[in-house]
Each structure stands twice: as structure tokens, then as C-alpha cells.
Amino acid sequence: MTQRLNELRRSLLVSLWFMLLTFPIMVIRVNTITGTVRWRWTNLAVIGIGSFFISVVWRYAMQRKAGEAQAVGILSRVGERVGAGTKKIGAVLDIPKVRTRLVGGLLAAAVAYPFLNSMYHTNIMITALTYVVLGLGLNIIIGLGGMLHIGYAAFYAIGAYSYALLNMYFGINFWLALPIGAALAGLFSLLIGLPQLFGIDMRLQQTTVFVYFIMLAVVILTIFVVHRLENSRIGRQWVAMKEDYIACQAMGVSIAKAKLTALGIGAIWGGLVGVIFAARTTFINPASFTVWESVIILSTVVLGGMGSIPGVFVGALVLMLLPEYLRPFAQYRMLIFGALLVTMMVFRPSGFIKKRRKAYTITEAERQSVIKAELEDDGEVEE
Amino acid sequence: MNYFTEVVLSGLTRGSIYALIALGYTMVYGIIELINFAHGEIYMIGAFTALILASVLTIFGFNTIAILFLAGIIAIVYSSMYGYTMEKVAYKPIRNSQRLSALISAIGMSMFLQNYVRIAQTSDFLPFPRIIPRFPWLSALPVSMSSSQFMIFSSTAVVMVLLTLLIKFTKIGKSMRAASQDKIMAKLLGVNVNKVISLTFIIGSATAALGGILISSYTGQINFYIGFLAGIKAFVAAVLGGIGSIPGAVLGSFVLGLTESFGAGYISSDYEDVFAFIILAVILIVKPAGILGKGQIEKV
Amino acid sequence: MVLDVQKLTMDFGGLRAVDHVDLHIKHGEIVALIGPNGAGKTTFFNCVTGMYKPTGGEIGAGRPEAEIQSIKGLRPHLITKHGLARTFQNIRLFPEMTVLENVMLGRDCRLTSGILGAIFRNPRTRAEEEQVVKDSLVILHKIGLENWANEAAMNLPYGAQRRLEIARALATEPFLLLLDEPAAGMNPHETRQLVELIRRLRDEENLSIFLIEHDMSLVMNLSERIYVMDYGKLIASGKPEDVKKDPVVIKAYLGEDVSA
């Protein structure tokens, strides 16, 4: 009991601290033209009450994280149930049959989507899918390759500009520009050069549904490629490089080459999507590709779960769709986003869906057969 | 006054401000190897708090000197409080996680603070009051320096000297150096590492806030976004000088400030940021650890 | 000769960690490098394997059937590709990868499939991957770790982790195996097994072996020639029984308890 009181007292102190801390900015509003001051006392109350409750929850979550959760009545029981629930979902997803059905269902829903929804919703979904591809592309660089990359939007921009310029000056059409844009983005990323910045106005009519299906195809292609790469010799190099790069290079892997491969392959998706973006919006300028764009893509990857394909997928969809459907809160979007990033890193640094690497394993039968063959070669079979 | 001196003065002004911000970056990096992405927001909050307080005090009819000191000091204290709280909330709980987590947390913090000020105050530019009084004796100098510039140079110089003394000769300074070299060993020898880290954030935030107030009264306007670009520039300066090194941050800041000023003054002001990044690229290619940075050899 | 080091020198700032050291290894030999702590043994190793770029001197190495080539200053992965494989003093496995995957990674420098192969999984890539698994299993079998194949490397007992490092190094097809304190932290039983394993590898795999070791009984028992370093300089070399008696060595390193 005393302990609980103690907790409450500390939360009260936190609340007082935040009231003091936010006082000038939250309460005082100066009109510099008329030279008058508005004192917004309600804000102080909101901060006080809000920070008190957040502090209680935060402290509780902290204790849970530290693994020393003392049962605080109903909160802990709810927490336990949620925890058990997530584990069960994870186990169910591991069953191949369930997986196949789930993927099939998702695919069917994705195909039906533009026919069941209005243009407006389809457009939003196109944007979301764009970020899925961008997220998966960046994921190759940071999640698999283990490199931090702040300038990812530049690759996206290079793709878009390549398309715009090719279309303008050489009349090269969309389909031809797609691979060229991708290739260019990949190539340029290796040079890490500054893109040539021109503002260009152009016209190109594409129906929304058409673009939607292109995006869907690109998403599927991305997932396919990332999946294949992960389970290949290159994927193995990436994992090893992240676990111990010194041992990795001592085993004959060129770290520079492995990193450049990740950078190049990751950048291709940025370029690819850039081309589609330019074709779709028919107007681009440098302002479309800012550092914040990169930061948002980075956040989708980290929030969703670095290195995890479904994680990045979910992360991008949530981050892009939520704000669109929470228009009334549009003003608070970035505020909530920022707070979410911090909270997520503090309590769940591995993101929504934690990466689970598929380790290469062999069955007992395979093992026996190989070893038997080996022994026969040596002529030492003792059976 | 000739054009050349003007360009040099303007470069030194920029350099001083970058140095005040870069100090926080480099000190925090030196001690917990975190690129504190939200450091620029502390600078912005310092400027905003000073603006709010100065306006309120003006309305209450205080005189200029009182406003300068009250608003300046309270704003610096407040920024330090923000820095301290930021570390406790966003970085301390994940000190042992991977470095990327801390960076994302810092990015989140930066977005949060920017939008917090935008929503609680305004997204428009606000005119910043001239809180620095005119010093008539400045006109007696051979080079004509504005009083803001004089304040910027002298404050920067004072801060640098104080900080050097603090780090070289006090017990706190020794603890800081010890903790930045080996946190576990420092802890074993009785250094309160948590306190040292908090203090680093407090000092870094205070100098950044000072920079924010000075530059705002020099340029005369602020908005919620000023911290972002200044933060990036100061970060570039810190990397240029060798991140983790305090003299490096100061040197890097002046190199950056002068490069920008000369680039803008003699070539074209449209490309001033491009010059900053070209010089960064050149120096990092020649000396990857920065001008005063030490390359590390990994023990195998 | 498979390794020929001449006047190798390595400076760190003002400190000369390795000072004009000459050393060579003949095909099929087991050679040890010993010396007190801080004598520069590991630095010497790191220069040979490319972890550090030597300040001066020359390092040549080559397969017994081929010419010796200079490998001085090459990047570590190229030296491994050339045929020198190493283990580490403080075990450096890929902890979350399985035992099998650790060895498969060791095979990596002998593989040729590329990005397109990985994406399209053409027959050649598939065949190569199958071969990698087979080769890795065979190596694990030789080292006696095949029962652990699917286990994450970090779950292995200490002695087995040391052996896995050797297995991983073997997978790179070396002609010279460099072992950095392979018996560190092992109990007497594990050490005996290790001695056996090293001898067997030398005999069966056509290898030469170069090791740094602190465990005197292991060094005296296993190696055919010994080099002794102190303060970065070579102070003695020769057969174990001769080195053991050398007064310079005793003074610098062995001490009464070992020579007695």
C-alpha cells in the first residue's frame, strides 16, 4: 500500500515538473503585434492531469519491462492477457496452411480493393503502397545491411527526376522509363551524387486503378525479391556482417561489397517508386523529397519492425493510413508520430512485428544421408 | 569598412553560433555515442522561451537590461530543464539498446518538440525583440561591428573559456572525461555516471539556448522550424571537427561558418548550403574521423 | 614454404608493437608463437591476416604447390581468399546463426553465384547452395559437431564454440590455419581433445598450422618449432626442447615454475 502511495506521489511530482516545464510555451501566448498576453490556464490543467496519468502508465510499463511487475490490480491482468494473445497469434501464423490462406486472403482483398472503394480511398491506398515499397527498400539497407541511411528520399527523387527528364526530352514512355529509373537510382546511389534539380511540369493521364495495380505489382515484386535475397548467400553475408563484421571479413566476405550490394538493391526500389510517383502526380519539385520524407520512411521501417517484411508492411500501412483517416487530428499528426516513435523505442525497440530470421536448418534424414556418403567416400563404414 | 572584413565578421558570427550548438552535439556524442537529433529543438525552445518572456516583461514595463538578463537566464534554465527531461524520458531507458533505437527515439523527440511548439504557439514567423542594447562605444572600433555581433563573439568566447576550465580542472570535468572513456570503469571508481550524463545534457542545452537567443536577436525573427536546419548545420560542424572532440567542434564550426560566408559573399548566396556540404565531403574523404578526431583501431 | 615473413614491423603512434620480426612456416609444420602478455603476438597475427596494415617488412604466402605471393597490406577477406584462415582469441562466432550457417558462411568466399542468381534461383545457384550445405556438414562431421548443426552458435558449450571457430575457418579451404590461443579457457580434457584435433587436421587436411598459445604444455606437446617474442622483438626460435632451455627465454617469459 505504501509502495503504491509512493508511486502516486512520484507521479504527482512528475506532473508538477511538467507543469513547470511547459509553462512558458503552453500557457503564455503573446500577440507581438498588439502587445497583449493571453494566459491559457486550462492548458496548465490539461498538462498537469495528462502528465500525471501518462506518468502512472509509463512507470507501470517500465516496471513490466524490467520484469519486476508487481501486480497493480487490473492493469497487470490485462497486460498478461494481451501478451499471451500475441504469442498465440504468432504460433498460429507459423502453421503453413494458415499462412497460405492468410496470404491468399490478403491478396484477394488487395485485388478487390479498387473495385469496392472510391477513387479517394484507392488513391490513399496507392500512397500507402508506395511507402510499403520505400520501406521495404530502405529495410534492405538498414534492416538487412545494417547501415543507417538518412538520405533515402534522394534515391526516390532521382527516380522521379529521371523519368520526368527522359519523358520531356526523349519522349521515352513510362514502361521504358521504369527500369531505367530503377537502374539510374541504383547507379546514382552508389555515386552518392546530388541529383540535378529542375522543376518540371508535365502531363500524363493515368487512371487511378491502373496505377494502383502497378503499385500492387511492385509491392509483390519487392516482397518476392527481398524474400529471395534474405534466403540466399547474400542474405547470409548480411546477417553475418551485422552479427560480427570482423569475423565476417576474416571469413573472406568483402564487407564493402556486401554493403554496397545492400545499398544498391535498396536504392533501386526508391528509384522505381520515384518513377511511378512522378508519373502519377504529373508534377514534381525538390520540395517533394525532403529530409523529413526520409525520416518518415525510416520511421515506418523501425516502427514496423526492422528487418521484418510483414513488419515493414504493417508499419507503412499504419503510418500512412491512420493519418489519412484521422483527418480531424491532422494538426496533431506529427506530434503523435513523434511521441509514438519515442514510446515505441523505449518499450518495444524491435517494432510492431519482431524480425524472426528463418535459420537454415536440416532434417535428421538429410544429415544422415550426407554423413553416410562422406563415410563411404573415405571407406570407413563400420556398420 | 571593406567588403572582406564584413564577410569575415559574418562568417565568425555564424561560426560562433554553430559552435554554441555543436558543443552540445559533440559532448553528448562523446559520452553516450548518441547523435542527439533533437538538440536543435532545444536551441529553438531557448529562443522561443526568451521571446515569450521578453514580450511579457516588456508589457510589464521592465527596462532593457533587466529584460535581457531575466529573459536570457530563465530561457537558458528552461532549455536545460528540457534537455535534462529529454534525456530521462527518451534516452536513458534505452541506453543499453542498439544505437539505432536511440537515434530513432531522438528523431521522434525532435518531431514531438517541433510540433509541440507549433501547436502551443504558432507556425508563423514571430518578430524577435531587440533585447540586446546598443553599445555606443563599438563605433570607436576600427571595424564596425554590430552590438549583436559583439555579444555573440564575447558570449561564445566566455562560454568556451568556462567550459575548458570546467572540463580540465574541476571534479565534474574529470568525471565527464572518465565516463566518456569507459563508463563501467568510471562507475566502479565511484563516478555517478547517470549524473554525469544528465549534466552533459544540461550544459549542452544551456549553450544551445544561449546560441538560440543570440542568433534570434541578430536575425530578428524565429519560428518553430529554426532548430532543424541550425541543428543539421551544427551537426555537420561537429562531424567536421571530429565528433566527440570539444575543440574539434569549435574549430569545425568556424571552418563551416567562414566557408559559408565566403561562398555566399563571393560566389552566390543560393548555394551557401552546397558549400557547407562540399567542405564536409572533402574533409571526410581526406580525414574520415574529422579534423581533430581520432581514428580508432578495433582490438581483435 | 607456405609463409615467409621478413622484418615485419608495426607501429601504433610512437609505440613499436612488432619490431623487425622474421618468421617462416614450412608446409605441414605446426609452429607456435609464444611470449609474455603484450609481447606483440596478436598484433603479429593481425598483420599477417590483414586486420592491421603493417608499417614495414614483407609477408609472403602461398599454397605448397604454388609460388609464394606478397600478401602484405591486403584486406582481410582477400587474405582469407588467398588461403589463410584464422580463429580469434576471444571467440567471434555469429551467435544467432546456427552452427551449420556459421560454417556455410565460411564457404562463402569459394562461391560464385550473384544477386541475379539469388533472385531467380537458377539451377546453378540451387546446385551451389546444396553443395554448400553438404560441404559444411562434412566439415562439421570432421570436427565432431554435426549433432549441433541446427543449434544457434551461442547455445554451444564453450569448448564446442572454439571447435566451431576452427570448423568455420576450415570451410574457407585454407592451406595455413592460424589459431589465436585455441586452448584459452578450456579444461585439461578439452585441451587434450584439441591437440588431437589439430594433429589430425594437419595430417588429413594437408594443412600447416600456426598458433599463439599461453598453455605451455600444449605448446611443448604440439608444436614442432617455436618462436618467442618479447617487447615486439623475436628473442629466440627453435625446437621446443631447445627453446625451453634457452636462458633468454626463461628470463623473459617461462619462469622457474615451467622450466622446472
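Since we're looking at a predicted model, the values are computed, not measured.

Trainee: Summarise the overall build of chain B; cite the residues concerned and give the values.
Mentor: Each helix and strand counted, chain B has 11 helices and 2 strands in total. Going from the N terminus to the C terminus, chain B shows its helices and strands as α-α-α-α-β-α-α-α-α-β-α-α-α. Relative to the 2.2 N^0.38 estimate, which gives 19 Å for 300 residues, the radius of gyration of chain B is 19 Å and therefore close to what a compact globule would have. Taking all 300 residues of chain B together, the buried fraction comes to 51%.

Trainee: Which residues make up the interface of chain A and chain C, and what values go with them?
Mentor: Contacts between chain A and chain C engage 30 residues on the former and 37 residues on the latter. Secondary structure elements with two or more residues in the side of chain A that touches chain C: helix 8 (208-230), helix 9 (233-243), helix 10 (245-250), helix 11 (255-281) and helix 15 (364-378) of chain A. Per-class residue counts for the side of chain A that touches chain C are 16 nonpolar, 7 polar and 7 charged.

Trainee: So, the domain arrangement of chain C: which residues are in play, and what are the values?
Mentor: Residue and element names in this part refer to chain C. Taken as a whole, chain C is organised into domain 1 (1-83 + 174-260) and domain 2 (95-172). The centre of domain 1, based on its C-alpha atoms, is set 27 Å off from the matching centre of domain 2. Each partner contributes residues to the interface: domain 1 has 11 residues there, and domain 2 has 8 residues. Sorting the residues of the side of domain 1 that touches domain 2 by element identifies helix 2 (76-82) and helix 7 (188-205) as the ones contributing at least two each. Its residues assigned to classes, the side of domain 1 that touches domain 2 comprises 5 nonpolar, 3 polar and 3 charged.

Trainee: Could you give an account of the sheet that holds strand 5 (residues 69-70) of chain C, with specific residues and numbers?
Mentor: The strands making up a sheet associate through backbone hydrogen bonding, with each pair oriented either parallel or antiparallel. Residue and element names in this part refer to chain C. As summarised here, the arrangement of the 4 strands in space is 2-1-4-5, forming an open sheet in which the pairing is antiparallel. Of all strands in the sheet, those bounded by a partner on one side alone are strand 2 (15-25) and strand 5. Relative to strand 4 (residues 56-61), strand 1 (residues 3-12) runs antiparallel, the two being bridged by 5 bridges. Across the sheet, Leu 3 pairs through a bridge with Ala 61, a residue of strand 4.

Trainee: Give me the packing of helix 5 (residues 123-143) of chain C against helix 6 (residues 158-170) of chain C: which residues, what numbers.
Mentor: All names here are of chain C. Running from N to C, helix 5 and helix 6 point in directions that differ by 140 degrees, and their axes come no closer than 10 Å. By the angle between their directions, the pair helix 5 and helix 6 is classed as oblique. Remark: the crossing between helix 5 and helix 6 carries right-handed chirality. Every residue of helix 6 that contacts helix 5 at Ile 139, Leu 140 and Ile 143 is listed here: Arg 163, Ile 166, Ala 167 and Leu 170. Of the residues belonging to the contact of helix 5 with helix 6, the class tally is 6 nonpolar, no polar and 1 charged.

Trainee: Break down the packing of helix 3 (residues 64-91) of chain B against helix 8 (residues 193-219) of chain B for me, with residues and values.
Mentor: Residues and elements named next belong to chain B. The interhelical angle for the contact between helix 3 and helix 8, taken along N-to-C directions, is 140 degrees, at an axis separation of 7 Å. With respect to helix 8, the axis of helix 3 lies oblique. Of the two elements, helix 3 crosses helix 8, and the hand of that crossing is right-handed. Contact residues: helix 3 offers Gly 72, Ala 75, Ile 76, Ser 79, Ser 80, Tyr 82, Gly 83, Tyr 84, Met 86 and Glu 87, while helix 8 offers Ile 197, Ser 198, Phe 201, Ile 202, Gly 204, Ser 205, Ala 206, Ala 208, Ala 209, Leu 210 and Ile 213. Grouping the amino acids of the contact of helix 3 with helix 8 by side-chain chemistry returns 13 nonpolar, 7 polar and 1 charged.

Analysis parameters
Residues numbered from 1 in each chain as written. Chains lettered and ligands numbered in written order. Predicted model: local features only at pLDDT ≥ 70, side-chain atom pairs only at ≥ 80, totals over all residues. Helix = DSSP H or I, 4+ residues; strand = E, 2+ residues; numbered from the N terminus. Rg over C-alpha atoms; globule rule 2.2 N^0.38 Å. Buried ≥ 20, exposed ≤ 12 C-beta atoms within 10 Å, placed from the backbone. Contact = placed C-beta atoms within 7 Å. Nonpolar A, V, L, I, M, F, W, Y, C, P; charged D, E, K, R; others polar. Domains from an automatic or database assignment. Pairing = 2+ DSSP bridges. Axes fitted to C-alpha atoms, helices over the stretch in contact; angles between N-to-C directions. Parallel < 35°, antiparallel > 145°, perpendicular 65-115°, else oblique. Left-handed = near helix turned anticlockwise from the far one by under 90°.

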